[in-house]
Amino acid sequence: MDQLEKLIITFIVIVVISLIGLVALLVIRDERKNRIIFYTLGAWGMILAWIFVLGLEYYQIGAQMLVWFCGSLSPIAMLVEMTSRHKKKFLITRALIAISVLGNTVGIFMD
């Protein structure tokens, strides 16, 4: 198996994990399970940002800033989830996690 095949398999695994996690986040209604998926996807979004930044060249400052922005949405969503008592936090935090995971997954594909 050459390097390109390994890279393609890794990318497919990343996309599948991201899509399954996002679908589960939106479909599962049990609060406890949804919270576990939420925090797991938050960590996954930060891991994707880290993987993506490691693949960028040092002179691609704009792309690095965009990746760190997408990656920083995950801890922001987790912080809002833990501290806010507002009723609309559910939708806002899930949207932030989705943007973080999808942004970094698409970014890895575009690199």
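The structure this text deals with has already been given above.
On a predicted model such as this, the values are computed, not experimentally measured, just so you know.

Caption draft 1: Structural context of helix H4 (residues 89-110). When the terminal C-alpha atoms of H4 are compared, their 31 Å separation across 22 residues agrees well with the 32 Å that a helix rising 1.5 Å per residue should span. Taken as a whole, H4 has its buried residues at Lys89, Thr93, Arg94, Leu96, Ile97, Ser100, Val101, Asn104, Thr105, Gly107 and Ile108.

Caption draft 2: Fine view of the nonpolar core. Formed by 21 residues in total, the largest nonpolar core has its most connected members in Leu41, Ile97 and Val101. If you list the elements that add at least two residues to this core, you get helix H1 (3-27), helix H2 (31-55), helix H3 (61-83) and H4. Beyond its immediate chain neighbours, meaning those up to four positions away, Val101 contacts Ser18, Leu22, Leu41, Trp44, Gly45 and Leu48.

Caption draft 3: Spotlight on H2. For H2, spanning 25 residues, the distance from its first C-alpha to its last is 36 Å, which sits close to the expected 36 Å at 1.5 Å a residue. Of the positions making up H2, those classed as buried are Asn34, Ile37, Phe38, Leu41, Gly42, Trp44, Gly45, Leu48, Ala49, Phe52 and Val53. In this structure, the buried residues of H2 make contact with H1, H3 and H4.

Caption draft 4: Here's a closer look at the environment of Leu48. If you trace the backbone, Leu48 turns up in helix H2. What makes Leu48 buried here is its relative accessible area of 0%. Taking the C-alpha atoms as reference points, Leu48 and Val101, separated by 53 residues in sequence, lie 7.3 Å from one another.

Caption draft 5: Structural detail: the packing of H1 against H4. At a minimum axis separation of 11 Å, H1 and H4 run at an interaxial angle of 165 degrees. Comparing their axes, H4 and H1 come out roughly antiparallel. Between H1 and H4 lies a crossing of left-handed hand. Between H1 and H4, the contacting residues are Phe11, Ile14, Val15, Ser18, Leu22 and Leu25 on the first element and Arg94, Ile97, Ala98, Val101, Leu102, Thr105, Ile108 and Phe109 on the second. In the contact of H1 with H4, the residues fall into eleven nonpolar, two polar and one charged.

Reading the values: the criteria
Residues numbered from 1 in each chain as written. Predicted model: local features only at pLDDT ≥ 70, side-chain atom pairs only at ≥ 80, totals over all residues. Heavy atoms only, no water. Helix = DSSP H or I, 4+ residues; strand = E, 2+ residues; numbered from the N terminus. Expected span 1.5 Å × (residues − 1). Buried < 20%, exposed > 50% of the residue type's maximum accessible area, 1.4 Å probe, protein only. Core = buried A, V, L, I, M, F, W, Y, C linked by side-chain atoms within 4.5 Å. Contact = heavy atoms within 4.5 Å. Axes fitted to C-alpha atoms, helices over the stretch in contact; angles between N-to-C directions. Parallel < 35°, antiparallel > 145°, perpendicular 65-115°, else oblique. Left-handed = near helix turned anticlockwise from the far one by under 90°. Nonpolar A, V, L, I, M, F, W, Y, C, P; charged D, E, K, R; others polar.

Purely geometric numbers; function is a separate question.
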